[in-house]
Amino acid sequence: MLPQPDAITDVHCRIIVDTLDEGVVVVDETLNITFVNPTFARMLGYAAADMQGHPASEFLNDAERAKSGRLETRTVDDADIYEHAWQRKDGTTLETLVSARPIFDPAHTYRGSYRIVTDLSERIRLTSTTDHFARVIQSAQDGMIGRDCNGIITSWNRGAEAIYGYAAAEIIGRNIE
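Here's what I pulled together on the structure shown here. Residue positions are given per chain, counting from 1 as you read along its sequence in written order. Per-residue local features of the predicted model are confined to residues with pLDDT of at least 70, and side-chain atom pairs are confined, for both listing and counting, to 80 or more; whole-chain, interface and lining totals are unaffected and use all residues. Side-chain metrics rest on all non-hydrogen atoms present in the structure, leaving aside hydrogens and water.

So, a nonpolar patch on the surface
Part 1 of the argument: On the surface, Ile145, Ile163, Tyr164, Tyr166 and Ile176 cluster together to form a nonpolar patch covering roughly 490 Å² of accessible area.
Part 2 of the argument: To qualify as a helix, a DSSP run of H or I must reach at least 4 residues; to qualify as a strand, a run of E must reach at least 2; elements of each kind are numbered from the N terminus. Considering the arrangement of structural elements, one finds Ile163 in helix H6 (residues 158-164). Only residues whose relative accessible area exceeds 30% and that form no salt bridge enter a patch; like-charged residues are grouped when within 9 Å of one another, and nonpolar side chains (Val, Leu, Ile, Met, Phe, Trp, Tyr) when within 5 Å. Areas reported here follow the Shrake-Rupley algorithm with a probe of radius 1.4 Å; residue values treat only the protein chains shown as occluding. Throughout this description, the term salt bridge denotes a Lys or Arg side-chain nitrogen within 4 Å of a carboxyl oxygen of Asp or Glu.

Here is the structure:
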């Protein structure tokens, strides 16, 4: 049986954080890492214990380290969502989407922030593959026409323009049935 919302304990919260598919990073007010979950440590190729206590900037790639504005102290209550590049232990770059939020104590004094980190590697790979296929189809001499399940033309390459005499702008969005 699942615990009721008012019965969720620190143990339940820790299980959730430790098993998320996203990385979690917590930094203190001096931007030193105080916590990383196993997923984030795995994303960068470190043991969590090897990251704790170190400045977060140590794990940025060179371009991010040069900017380093995103790691500045957050003193407002708003979340910040941005893309961020980290440096893996093996030297490669990890592109991520970060959702950051400040942490305040009961007196509303800034004490650090936490970040939820989503690995964008697969999305970037798929976008690159999709862009490649789109370029191949667009440059093909054969007429290639894409349509949705309702018969509406969704794509029209140069080959189709040459064969049928219509520019893509004239035909996309029309029904071919």
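From this point on, the discussion continues.
A look at the sheet that holds strand S5 (residues 110-119)
Part 1 of the argument: Across the sheet, which stays open at both edges, the five strands sit in the order S2-S1-S5-S4-S3 with antiparallel pairing between neighbours. The strands lining the two open edges of the sheet, one partner per strand, are strand S2 (33-36) and strand S3 (80-87). Within the sheet, the average angular offset between the axes of one strand and its neighbour, ignoring direction, is 30°.
Part 2 of the argument: At least two bridges found by DSSP between two strands are what make those strands a pair. Relative to S5, strand S4 (residues 93-104) is paired through nine bridges, and the arrangement is antiparallel. Of the residues in S5, the one forming a bridge with Thr96 is Asp119. All axes are obtained by fitting lines to C-alpha atoms, using only the stretch in contact for helices, and the reported angles, taken between N-to-C directions, cover 0 to 180 degrees.

Description of the nonpolar core
Most often, soluble globular proteins have nonpolar side chains that are buried together.
Part 1 of the argument: Note on terminology: a nonpolar core comprises buried Ala, Val, Leu, Ile, Met, Phe, Trp, Tyr and Cys residues joined through side-chain atoms within 4.5 Å. Only protein chains enter the area calculation, which uses a 1.4 Å probe; residues under 20% of their type maximum are buried, those over 50% are exposed, and those in between are partly exposed. With 18 residues, the main nonpolar core has Phe40 and Trp86 as its most contacted residues.
Part 2 of the argument: Breaking this core down by element, the ones donating at least two residues are strand S1 (23-28), S2, helix H2 (38-44), S3 and S4.
Part 3 of the argument: Top element by residues in this core is H2. It accounts for four residues.
Part 4 of the argument: It only takes one pair of heavy atoms within 4.5 Å for two residues to be counted as in contact. Once residues lying within four places of it in the same chain are set aside, the contact partners of Phe40 are Gly23, Val24, Val25, Met51, Trp86 and Val117.
Part 5 of the argument: Counting residues in hydrophobic clusters, the runner-up holds five residues, among them Ile153, Trp156, Ala160 and Ile171.

Regarding the pattern of salt bridges
When their charged atoms lie close together, side chains carrying opposite charge are able to pair.
Part 1 of the argument: Here the structure, examined in full by the defined rule, presents one salt bridge.
Part 2 of the argument: With a closest N to O distance of 3.0 Å, Asp105 and Arg111 form a salt bridge.

Notes on the pairing of strand S7 (residues 153-156)
Every regular strand shows the same layout, with side chains that alternate between the two sheet faces.
Part 1 of the argument: Bridge count for strand S6 (residues 145-147) against S7 is three bridges, and the pairing is antiparallel. Counted as the bridge partner of Ile145 is Trp156 from S7.
Part 2 of the argument: The antiparallel pairing of S6 with S7 creates a hairpin that spans five residues between the two strands, and Gly151 there sits at a positive phi of about 85°.

Observations concerning the packing of aromatic side chains
Part 1 of the argument: Aromatic rings from Phe, Tyr and Trp, with only the six-membered ring used for Trp, were paired whenever their centres fell within 6.5 Å, and each pair was classed as stacked if the ring planes differed by under 30 degrees, edge-to-face if by over 60, and tilted otherwise. Summed over the entire model, instances satisfying the criterion amount to four aromatic pairs.
Part 2 of the argument: Taken together, a centroid distance of 5.1 Å and an interplanar angle of 75° make the contact between Phe40 and Trp86 edge-to-face. Of the two residues, Phe40 sits in helix H2 while Trp86 sits in strand S3, which places them 46 residues apart along the sequence. Side by side, Phe40 and Trp86 carry an identical accessibility label, which is buried.
Part 3 of the argument: Between Tyr46 and Phe59, the aromatic rings sit 5.1 Å apart at their centres with planes inclined by 90°, giving edge-to-face as the arrangement. In this pair, Tyr46 is assigned in the loop between H2 and helix H3 (48-51) and Phe59 in the loop between H3 and helix H4 (62-67), connecting sequence segments 13 residues apart.

Some words on the environment of Gln138
Part 1 of the argument: Among the structural elements, Gln138 can be located in helix H5 (residues 121-139).
Part 2 of the argument: A relative accessible area of 31% means that Gln138 is categorised as partly exposed.
Part 3 of the argument: Expressed as a C-alpha distance, the spacing of Gln138 and Asn157, which sit 19 residues apart in the sequence, is 4.8 Å.
Part 4 of the argument: Excluding residues that lie within four positions of it along the chain, Gln138 makes contacts with Trp156, Asn157 and Arg158.

What to know about the environment of Leu97
Part 1 of the argument: Inspection of the secondary structure puts Leu97 in strand S4.
Part 2 of the argument: On the basis of relative accessibility, which here comes to 28%, the residue Leu97 falls in the partly exposed class.
Part 3 of the argument: Not counting residues within four places of it along the chain, the set of residues in contact with Leu97 comprises Ile81, Tyr82, Glu83, Ile116, Val117, Thr118 and Leu120.

Functional significance is not addressed by these values, which are geometric in nature.
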